[in-house]
Each structure stands twice: as structure tokens, then as C-alpha cells.
Amino acid sequence: METQSLVLSLLYQLGTSAAFFFLAAVGLIIILGMMNIINLAHGELMMMGAYTATIATHAGVPFALTVPLAFLVVAAFGAVLERLIVRRFYGRQLGALVVTWGISLVMGQGTLLFFGPFMPSIKIPGGSFSYGDFSFSEYWLVLIAISVALIALLWWLYNRTTYGLQARAAMQDATMAKSLGVRTGRVYTLTFSLGAGLAGLSGALIAPTATIAPFMGQQFVAPAFITVVVGGAANVIAGAVGSATLLAAVKTPVGMAFGAFYGTVALLFAALVIIRIMPDGISARLQRWFDRRSRSGLL
Amino acid sequence: MTSVLSIQGAVAGYATGNVLHGVGVEVAEGEAVAVVGRNGVGKTTLMRTAIGQLPLRAGSIAFKGTDITAEPADRRARRGIGYVPQGRGIFPHLTVRENLLMGGFINEARRNPDFELVFGYFPFLRERLGQRGATLSGGQQAMLAIGRALINEPALLLLDEPSDGVQPSIIEEIGEILSDLNRTRGISVLLVEQNIGFMQRVAGRAYTLDKGRVTSELGPEEIADERLLAEHIAV
């Protein structure tokens, strides 16, 4: 009984931690992996999603509906940003980095001006239950399930739809994709909008567990970037999943044994080691393995 | 004969200056035309201008009688122009199947990627559908690029040195396939080529290009004249 509940608790911690890494990174990784744009406004887009969900909840909308609402609001905002500003910086990675940083400043300060320094937070939906000595939050279990569903949905979107095929082709060779009839401008607008919307969705999902404030997005930026870099760009979804799982597998046991601070130290150290061993990230390693198998006819 | 592609007085180039100084090239329906010339005379620039990767600074381009001078590359491709670029332009991380599917947006009016048509010419592709583009050899990539441009039966194929970096036996095979596509399927071809034997097998007519200008037009008899051709292509 006691070992069983300890194992369950460890798995639960691992799952919540991996879900957090994945949710924090998913919007960023779509935009970086599919457009090669380092979106420094990612944290603020998450903040915008959190604000949308919080304001709507306070206005009486059921929380479950505020999450898709946050996706739509931030996706629409992302589409406008792409059309007006971001598309002028394609192919200039440093320019895009600076301009998205500028957008993040405007969004953070604008929120401070408009809504003030704090907003009453919303309470975590659902209760908790205990098993053995440990207690489990129903909401975090839902977040784990949503993360898994999102992974499946994104895999389907990028591997089984026309948009996904065109987006991956445009990422690899935009000029060639355009010369084969792809409306690359439209693909980029959709991709940026999707990445922004996913950041908004994640922000809404994390909102009940966080303090709602104009600069709340900053806390997600570091874990998001670590997840993205460790995952690599060869296959962004596989990379994000592998990296979120691996980082959680390092952080969770250390955190449980020595406290959250040492968990974070172990996480950063692990990221350092992984990047040193696999400079192109986990997904590039996976891809080489897959190529060897497909060439030798095993797949 | 109606014109499929008509390039008139084309002036185009890069930030460093113009490469084409008023080039005129005509391809009639069902015709296979070659453009020959030494390295650096503007052959690839001409092809990139034809598909729309480079804007025209003067002159005009018409496809099947419609002026497409101001249209971007994607619009031209959807009208029915299949492009096989120098270096082949295979998407390295897409599978063979996905690379072929990418040809499905060419020739919008048809919208029915015909895999069997491609496998008929390049049967090896059927066994490699799940393999990534980057893992194919140079010759296989050249055939994949042609298959991709072909899959929706375009009205015109633009081919930029498809024989480059391909072993001789495969070059011969590709030449026969292109010739067959042109004769039995009526697909018009504009081919840029340095390999004389390959060009002779495919084209019925040729332009020679030098320093960004058309210097002569060669008919079927002149194409067969190796010495004359060598004069135009020799470095």
C-alpha cells in the first residue's frame, strides 16, 4: 500500500510537471519550429489567455468555456500581429526577436495601465482526493489528459492535413513550396495564429494555479525555451514531448527528495548536459534513428 | 500552334545587377524547347523568372495567352506550370509520399494527384514512399522532383538541369521519360541543359543564350550537329 501510493504519487508529480512544461512551451515551439521565429511575446500571449479566462470567469462564464474562448481571442490577436508586424521580419531572425520583444513590452505595460497590477484570481476547478499519504488534484489530472489530447491533435494536424503538409514544406524550403503553388503567406498567418492561440489556451489552463498579473507571463518563458531547445526543431512535436518528459523525469524525483529549489537546479543542469550531448535536440536524434531503420527496410 | 509560354524582352536579375537583358523565348503547345549556354549566362535566372521567383524588371510573360507578368510563383504554379529547379528542391524532411503530394497543388483546375501515373514512369518510388527525401540518392531525387512536378499533369514543365549530378545510365532513362511525356502526353517542356546528348533526346528546338541575350535559335537539324552545339556550350 505504501510503496504503491508512493509510486502513484511519483507518477502524478511527473505527469503534472511534464504537462506544465509541455503547455508552457507548445505555442512557442509551433512558431519557432514552423516559422523559425523566436517569439519573445510568448509569455505575454499566455498572460493574455489567462486574463481572458479570468475576466470571462468573473463575468459568469463557466471556466470550461473560457478555455476555448481564450484560444480564439489570442489566435485572432496573433493573426492580426502577424499581418501587421511579424511578417515584415521573415528571414531576419534577430529583427523578429527584437520586434516580438517590443510587442511583449507593449502588452505587459498596456495590461498594467488598463487592468492595474493585480486581478483577483479564479479558484482551481474540481477538488482533490487522497490515496495513501498523498493527495491528488483532479484539475491537474485533467491538465495531463488535455496535454495528451493536444499532442495527438497536433500530430494529426501536422501529419494528416493539407495545412500541416504545406506548413512543414514551407518551413524546409519556402521558395520551393511557393513555386509548387502553396500560398505561403496564408500558411504563415495560420501558423502564427495557431501558436498564439495555443499560448492563450495554455495561459487559460494555467490561470487557476497562478497569480494573475500583467507580468505573469515571464515565469513561463524560461521553462518554455528550455523545453524547446532541448527538444530541437527536426520534429517539433516529438521534440516537445520527449523534452517535457525528460525534463520532468529529472526535476520531479530531485524536487521530491530535496525540495523544489534543487529540482530546478537539477533541471537546468540536465538541460545543459542534454544540449552538450545532443546539440540538435532530442528530435534530431530520434530522426537519425528513424532514417537508419527506414533505409534498412525495417519500417 | 498556340503558345503555352511566351517570354518577351525579359530583363531580370539580382541586387548586384541585371543578368537577363531582354530575353525572348517561346514554347508552343506540345513542344519541347531547350535553352543551352555556358555557365553563368543566365539560364537559371531565366527559369526562376519564368516560374516567378524573380520579378521582371522589364518585358512580359504570358501563359496560354494570359499575361502572368505580375503574378507570384504560387499563382503561376496553380495555373499549371510544374517546376523542377536546379538542385531539385526536394523537401529533405518530408517523406517521398509527402514530396509527391506537394506537387498536388500545381494545376489547380485538375486537383487529383495521380500517383499511378508517377509510378508508371518511376516504379522505384512506390517502394520508397515512407522514406525521407534527404535519404534518396541524387538520381532518385531528380526522378522524385520530376514525378512531383508531373503528378497533376501540368501543361508545362520547367526543368533546370535535371541531369546535373546524376549517373549516365540514369540520365539516359530520365531523357527517355521526358521525351515520352512530351510526345504521348502532350506536356510542353522548357529545358535548361548542359548535357548535349540528354538535350538532343528531349528537345526539338533550342535557343542559345550568352551574356543574358538569346544569340541564336536552332532547329531540329542544327540540334543534331554536335560541333555547332559544342561551339555554343563550350567554356
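Keep in mind that this is a model prediction, so the values were computed, not measured. Per-chain numbering applies: the sequence of each chain, read as written, is numbered from 1 onward. Each chain takes a letter, starting from A, and each ligand takes a number, starting from 1, following the order in which they are written. It should be noted that, the model being predicted, local features are given only for residues of pLDDT at least 70 and side-chain atom pairs only at 80 or more, the latter also being counted only at that level, while totals for whole chains, interfaces and linings use all residues. Side-chain descriptors were evaluated using all non-hydrogen atoms of the structure, hydrogens and water having been removed beforehand.

Trainee: Sorry if this is basic, but what is going on with the overall build of chain A here?
Mentor: Secondary structure follows DSSP: runs of H or I at least 4 residues long count as helices, runs of E at least 2 residues long count as strands, and numbering of each begins at the N terminus. Each helix and strand counted, chain A has 12 helices and two strands in total. Starting at the N terminus and walking to the C terminus, you meet the elements of chain A as α-α-α-α-β-β-α-α-α-α-α-α-α-α. Taken along the three principal axes of its C-alpha coordinates, chain A extends 60 × 55 × 30 Å. Burial classification: accessible surface area is computed with a 1.4 Å probe over protein chains only, and a residue below 20% of its type maximum counts as buried, one above 50% as exposed, and the rest as partly exposed. When burial is assessed residue by residue, chain A has 49% of its 299 residues classed as buried. When the accessible area of chain A is evaluated, it comes to approximately 13900 Å², of which 70% is carbon and sulfur surface. Computed over 17 positive and 8 negative side-chain charges, the separation of the two mean positions in chain A equals 14 Å. For accessible areas, the Shrake-Rupley method is used with a probe of radius 1.4 Å. Any residue's cover is judged against the shown protein chains and nothing else. Counting rule for charge: Lys and Arg are taken as positive, Asp and Glu as negative, and neither His nor the chain ends is counted. Positions of charges follow a simple convention, taking NZ of Lys, CZ of Arg, CG of Asp or CD of Glu.

Trainee: Can you walk me through the environment of T52(A) in this structure?
Mentor: Residues and elements named next belong to chain A. For T52, the location among the structural elements is in helix α2 (residues 42-58). As a C-alpha pair, T52 and G200 span 148 residues in sequence and 8.4 Å in three-dimensional space. Apart from the residues within four sequence positions on either side, T52 is in contact with L69, A70 and V73. The criterion used for residue contact is that any of the two residues' heavy atoms lie within 4.5 Å.

Trainee: Hey, could you run me through the confidence of the model for chain B in this one?
Mentor: Should the pLDDT be low somewhere, the predicted coordinates at that spot are not to be read in detail. Along the chain, pLDDT gives the predictor's confidence residue by residue, from 0 to 100. With 99% of its residues at a pLDDT of 70 or more, chain B shows a mean pLDDT of 93. Summarising per-element confidence for chain B, the mean pLDDT is lowest in helix α10 (residues 226-233) of chain B (78) and highest in strand β6 (residues 81-84) of chain B (98).

Trainee: Mind showing me how you'd approach the nonpolar core here?
Mentor: For soluble globular proteins, the rule of thumb is that nonpolar side chains tend to be buried together. By size, the foremost hydrophobic cluster in this structure holds 115 residues, and its most contacted members are Y158(A), M102(B), L158(B) and L190(B). For this core, the element with the most residues is helix α1 (residues 2-35) of chain A, which contributes 14 residues. Apart from residues no more than four positions distant in its own chain, L158(B) is found in contact with L5(B), M47(B), A50(B), I51(B), I81(B), G82(B), Y83(B), V84(B) and L190(B). Core analysis: the second largest hydrophobic core is formed by 35 residues, F115(B), A145(B), L159(B) and I174(B) among them. What makes a nonpolar core is a set of buried Ala, Val, Leu, Ile, Met, Phe, Trp, Tyr and Cys residues whose side-chain atoms join them at distances within 4.5 Å.

Trainee: Looking at this structure, I do not really get the side chain of S163(B). What am I missing?
Mentor: All names here are of chain B. Structurally, S163 is set in the loop between β7 (156-160) and α7 (168-185). For S163, a relative accessible area of 8% corresponds to the buried category. The contact partners of S163, leaving out residues within four places of it in the chain, are I171, E193, N195 and F198.

Trainee: What am I meant to see in the packing of helix α6 (residues 138-150) of chain B against α7(B) here?
Mentor: When two helices pack together, their arrangement is given by the angle between the helix axes and the distance between those axes. All names here are of chain B. For helices, the axis comes from a line fit to the C-alpha atoms of the stretch in contact; other axes are also lines fit to C-alpha atoms, and the angle between any two N-to-C directions lies between 0 and 180 degrees. Where α6 contacts α7, the axes come no closer than 10 Å and their chain directions differ by 10 degrees. As summarised for this structure, α6 and α7 are arranged roughly parallel, according to the angle between their axes. Contacts between α6 and α7 involve G139, A142, M143, I146 and L150 from the former and I170, E173, I174, L178 and L181 from the latter. Note on residue classes: Ala, Val, Leu, Ile, Met, Phe, Trp, Tyr, Cys and Pro are nonpolar, Asp, Glu, Lys and Arg are charged, and everything else, Gly too, is polar. For the contact of α6 with α7, the per-class residue count stands at eight nonpolar, one polar and one charged. Here roughly perpendicular refers to angles of 65 to 115 degrees, roughly parallel to angles under 35, roughly antiparallel to angles over 145, and oblique to all remaining angles.

Trainee: Is there a simple way to think about the packing of aromatic side chains in this case?
Mentor: Aromatic rings considered in pairs are described by the distance between their centres and by the relative angle of their planes. Residues and elements named next belong to chain A. Here a Phe, Tyr or Trp ring, Trp counted by its six-membered ring, pairs with any other such ring whose centre lies within 6.5 Å, and the pair is stacked when the planes are under 30 degrees apart, edge-to-face when over 60, and tilted otherwise. As enumerated under the stated definition, the model contains 11 aromatic pairs over all chains in all. Between F20 and F220, the aromatic rings sit 6.0 Å apart at their centres with planes inclined by 55 degrees, giving tilted as the arrangement. You can see F20 sitting in helix α1 and its partner F220 sitting in helix α9 (residues 218-231), a full 200 residues away along the chain. Accessibility expressed as a relative area gives 2% for F220, which makes it buried. Taking the centre distance of 5.0 Å and the plane angle of 55 degrees together, the rings of Y90 and Y188 count as tilted.

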